[in-house]
Each structure stands twice: as structure tokens, then as C-alpha cells.
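# Architecture at a glance
So the chains spell out like this:
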Amino acid sequence: MEQTLAPALRKTVSQLKKAKHFVATAYIVDLQAEAKVLLLKHKKLNTWLPPGGHIDEGELPDDCVIREVQEETGLKIKLLSDAFDVSDNQTETLHTPLIMQLEDIDSEHQHIDIIYLASVVEGEINQNAHREHAGIKWFSELELKQGDLWNNVREDAFVAIDKARELKERGLF
Ligand SMILES: [Zn+2]
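Definitions and limits used
For every chain, the first residue of the written sequence is number 1, and numbering continues from 1 onward in sequence order. Selection of residues for local features in this predicted model requires a pLDDT of at least 70, selection of side-chain atom pairs for listing and counting requires 80 or more, and totals for whole chains, interfaces and linings are taken over all residues. Only DSSP runs of H or I covering at least 4 residues are called helices, and only runs of E covering at least 2 are called strands; the numbering of each starts at the N terminus. Our exposure labels follow a C-beta count within 10 Å of each residue's own C-beta, placed from the backbone: buried means 20 or more other C-beta atoms, exposed means 12 or fewer, and partly exposed covers the counts in between. The contact criterion used here is simple: two residues whose C-beta atoms, placed from the backbone, lie within 7 Å are in contact. What makes a nonpolar core is a set of buried Ala, Val, Leu, Ile, Met, Phe, Trp, Tyr and Cys residues, with links drawn between C-beta atoms within 7 Å. Per residue, pLDDT captures the predictor's confidence, and it can take any value from 0 to 100. To estimate the expected span of a helix, count its residues, drop one, and scale the result by 1.5 Å.

## As for the overall build of the chain
- Helix and strand counts for the chain stand at 4 helices and 8 strands.
- C-alpha atoms of the chain, sized along the principal axes, occupy 55 × 45 × 30 Å.
- When each of the 173 residues of the chain is scored for burial, the buried share is 29%.
- Considering only contacts in the chain between residues 6 or more positions apart, those separated by 24 or more positions represent 68%.

## Observations concerning the nonpolar core
- Formed by 35 residues in total, the largest nonpolar core has its most connected members in Y27 and V37.
- If you list the elements that add at least two residues to this core, you get β1 (19-30), β2 (36-42), α2 (61-73), β5 (76-80), β7 (109-122), β8 (133-140) and α4 (151-169).
- In terms of residues, this core owes the most to one element, β1, which gives 6 residues.
- Leave out the neighbours within four places in its chain, and V37 touches Y27, I28, V29, F139, L144, A157, A160 and I161.

## Comments concerning the confidence of the model for the chain
- Overall, the prediction assigns the chain a mean pLDDT of 91, with 91% of residues at 70 or greater.
- The weakest mean pLDDT in the chain belongs to helix α1 (residues 7-12) at 59; the strongest belongs to helix α3 (residues 141-146) at 98.

## Remarks on the environment of Q127
- Note that Q127 resides in the loop between β7 and β8.
- By C-beta crowding, Q127 is classed as partly exposed, having 14 other C-beta atoms within 10 Å.
- Apart from the residues lying within four places of it in its own chain, the contact partners of Q127 are G135 and I136.

## Considerations on α2
- Under the 1.5 Å per step criterion, the end-to-end length of α2 is 18 Å for 13 residues, consistent within 8% with the ideal 18 Å.
- At its buried positions, α2 is contacted by β1, β2, β4 (52-54), β5, β7 and β8.
- G74 lies just past α2 and shows a positive phi near 85°.

## Considering unusual backbone geometry
- Non-glycine residue N46 carries a positive phi angle of around 55°.
- Looking at the secondary structure, you find N46 in the loop between β2 and β3 (47-49).
- Taking the C-beta count within 10 Å as the criterion, N46 has 9 such neighbours and is therefore assigned exposed.

## Let's talk about the environment of A24
- Inspection of the secondary structure assignment puts A24 in strand β1.
- Overall, the presence of 28 C-beta atoms within 10 Å leaves A24 in the buried class.
- With 91 residues separating them in the primary sequence, A24 and I115 have C-alpha atoms 5.8 Å apart.
- Excluding residues that lie within four positions of it along the chain, A24 makes contacts with G52, I55, P61, C64, V65, E68, I114 and Y116.

This is the structure:
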């Protein structure tokens, strides 16, 4: 009997030999007045993307995304998830990612993107924190819907807002 590959695998099966980098990304949500998500205008790609970057050798994804956000925006964030804490002296519970994505970057490589939900702990946005970015902006739900964004960014942002609201209801945001 013929087997069917899962959709994600079928889509990328011709690219299985590409190099893969682990990256970590944060959708930073503010639920204070109306829901908002922080995006950065990427100069080279000329589109709005969430902050994040490559995970360094020996670095935890949780630490990577906090470091990248600090470098790119000047903000200190905390990650949010409902991971059940099973830490003991040999095991540490890490944050459960919001989404995991495989992203085609160029003919040479792909990114395995570990995407987290986060909120701001402290700090002011530094518009000039990073030379790869042309701007930093909080997007409302209306702006996410109507803005000129990549579809996956729009969809991920709404997944992040939904999860933030769910966690808030449970006292976890
Ligand atoms: Zn890469």
C-alpha cells in the first residue's frame, strides 16, 4: 500500500539535504489596553518580522531569544508558557515553544525556528539598537490584519495573541 507523507514533509522533501540552523524567535505581546505585538522592520528583506536570531553553540534557545531581543530592541523580556515544571537536580524544564517552523532561507540553508511567546519585563524601545532594522513598532490586531506582512508572520502573531489571552485568563501572563 502506498504511504502518504505528512504535508510538512511532502512540501520540503526535495530540500531535505539543505543545511539547517536552529534559531529562536519571540512574539512579544502587550495585553494592557488592546492586544499588540512587537515587530521589527528588516532592512534587507523590507518586511516586518519578530525579533530573534541564531542560537549560539552551547546556548539554550530560551537564553538566545532573550539575548537577541535585548540586542535588537533594548527590551528585557520574559518567556511565557504553560510548561509543567518537572525540574529536579538533573533536569531543568524549559519553556514550551508556541510554534516550531521550518523556514526556507536561501538555496543553501533552512532555519528550524523555535518560536516563543513573551512579554516585556522592563526597558525602553531603542529604535537604533540594531543596524539591520529600519524600525520597531507595536502592531494592533487591526494593523496585523491590514498591514503589509508576510502571511506566516500575521498568523503567528494571532496565535501568540490567542495564547497570551488564554494564559492571562489562567493567571499565567
Ligand atoms: Zn541561518
